[in-house]
Amino acid sequence: MGLPVFIKLSLFMAAVFISNIVQALTGFAGVMLSIPPTILLYGPDMAKAVINVICWLVCAYLMVKNREYINKKELGRIILFMLIGMAAGIYLYNIVDARILVPVYGLLIVGVALKNLLLKPSGASLPVWVAIPVHGMFASGGALLVVYLASAFRDKNSFRANVASVWTVLNLVLMFTDYEKGLYNTEFFELLGIGVIPLVIAVYLGNKIHSMINQQMFNRLTYGLLLAAGSMILV
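Residues numbered from 1 in each chain as written. Predicted model: local features only at pLDDT ≥ 70, side-chain atom pairs only at ≥ 80, totals over all residues. Heavy atoms only, no water.

A short note on the pattern of salt bridges
Two side chains that carry opposite charge are able to pair once their charged atoms sit near each other. Following the criterion strictly, the structure yields one salt bridge and no others. One salt bridge in this structure joins Arg-77 and Glu-74, with 3.0 Å as the shortest N-O distance. In this pair, Arg-77 and Glu-74 both sit in helix α4 (residues 72-95), three residues apart, roughly one turn of the helix. (Salt bridge = Lys/Arg side-chain N within 4 Å of Asp/Glu carboxyl O. Helix = DSSP H or I, 4+ residues; strand = E, 2+ residues; numbered from the N terminus.)

Details of the packing of aromatic side chains
For any pair of aromatic rings, the description rests on two quantities: the centre-to-centre distance and the angle between the ring planes. Within the structure shown, the criterion is met by seven aromatic pairs. Between Phe-28 and Phe-159, the ring centres sit 6.0 Å apart and the planes meet at 85 degrees, which makes this aromatic pair edge-to-face. Separated by 131 residues along the polypeptide, Phe-28 in the loop between α1 (5-26) and α2 (30-42) and Phe-159 in helix α8 (residues 156-180) bring together distant segments of the chain. On the basis of relative accessible area, Phe-28 is assigned to the buried category, the value being 5%. Under the relative-accessibility criterion, Phe-159 is labelled buried at 2%. (Phe/Tyr/Trp six-rings, centres within 6.5 Å; stacked < 30°, edge-to-face > 60°. Buried < 20%, exposed > 50% of the residue type's maximum accessible area, 1.4 Å probe, protein only.)

Quick word on a nonpolar patch on the surface
Where nonpolar side chains cluster on the molecular surface, the patch consists of Leu-57, Val-196, Val-200, Ile-201, Tyr-204, Leu-205 and Ile-209 and spans about 570 Å² of accessible area. As for its placement among the helices and strands, Tyr-204 is situated in helix α9 (residues 186-212). (Patch = residues over 30% accessible without salt bridge, like charges linked within 9 Å, V, L, I, M, F, W, Y side chains within 5 Å. Areas by Shrake-Rupley, 256 points an atom, 1.4 Å probe, with all protein chains shown as cover.)

Remarks on the environment of Lys-8
Mapped onto the elements, Lys-8 comes out in helix α1. A relative accessible area of 16% means that Lys-8 is categorised as buried. Between the C-alpha atoms of Lys-8 and Leu-40, which are 32 residues apart in sequence, the distance is 9.7 Å.

Notes on α2
The terminal C-alpha atoms of α2 lie 17 Å apart, and with 13 residues this matches the ideal 18 Å at 1.5 Å per residue to within 8%. Maximal helix bending in α2 amounts to about 30 degrees, located at Pro-36. Where α2 ends, the next residue or the one after it, Gly-43, has phi of about 90 degrees, a positive value. (Expected span 1.5 Å × (residues − 1). Bend = angle between axes of the 7 residues up to and from the residue.)

That's the geometry; what it means functionally is another story.
Okay, here's the thing in structure tokens:
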């Protein structure tokens, strides 16, 4: 993107700031919101490398800060099923056209989000054996995993703590992959250092907003973000 360095850095800092207010508030969606503008500024590889680490920093902080809300047994199950889903996804992509799978997945996310926004959410949680393996088949930013967690953890504090804990563990895998690709270079560390400045302020504001909003507003925000994620998959 042919912009002056100062403008690019300002736009990057703005993307980190806005997206991580949401990330700190809900425990997810920071990557979904910050990756597109960062890709336009610095390319896909560098964008993913920097944003993965920034997301990990926020999630690790939320996990430690809210550790009393973590369901360790449930967290272990989720990570296990995620790994199974990722393995199944590799196989499925080899035998089924992704142009068929991805729209179906996007429609599923949009349908669930609209149902919970327009109708009273049901008390039943989405079965983990459905949600987590299917999520693992898609590079979706975690939308279906969030659907499962939103149904399994009805309290906003428990939801945020557990979803952040999942990303804390799984992002380590992505970070190791980025390291193996040689993406942790001078540009990476410069962007990471600059990104930490708006990140600290964003996390502070996100935590403040989280404590101020009620459960109903939190639920509407969660499913609104899921609706946006499903719509992005369809587009």
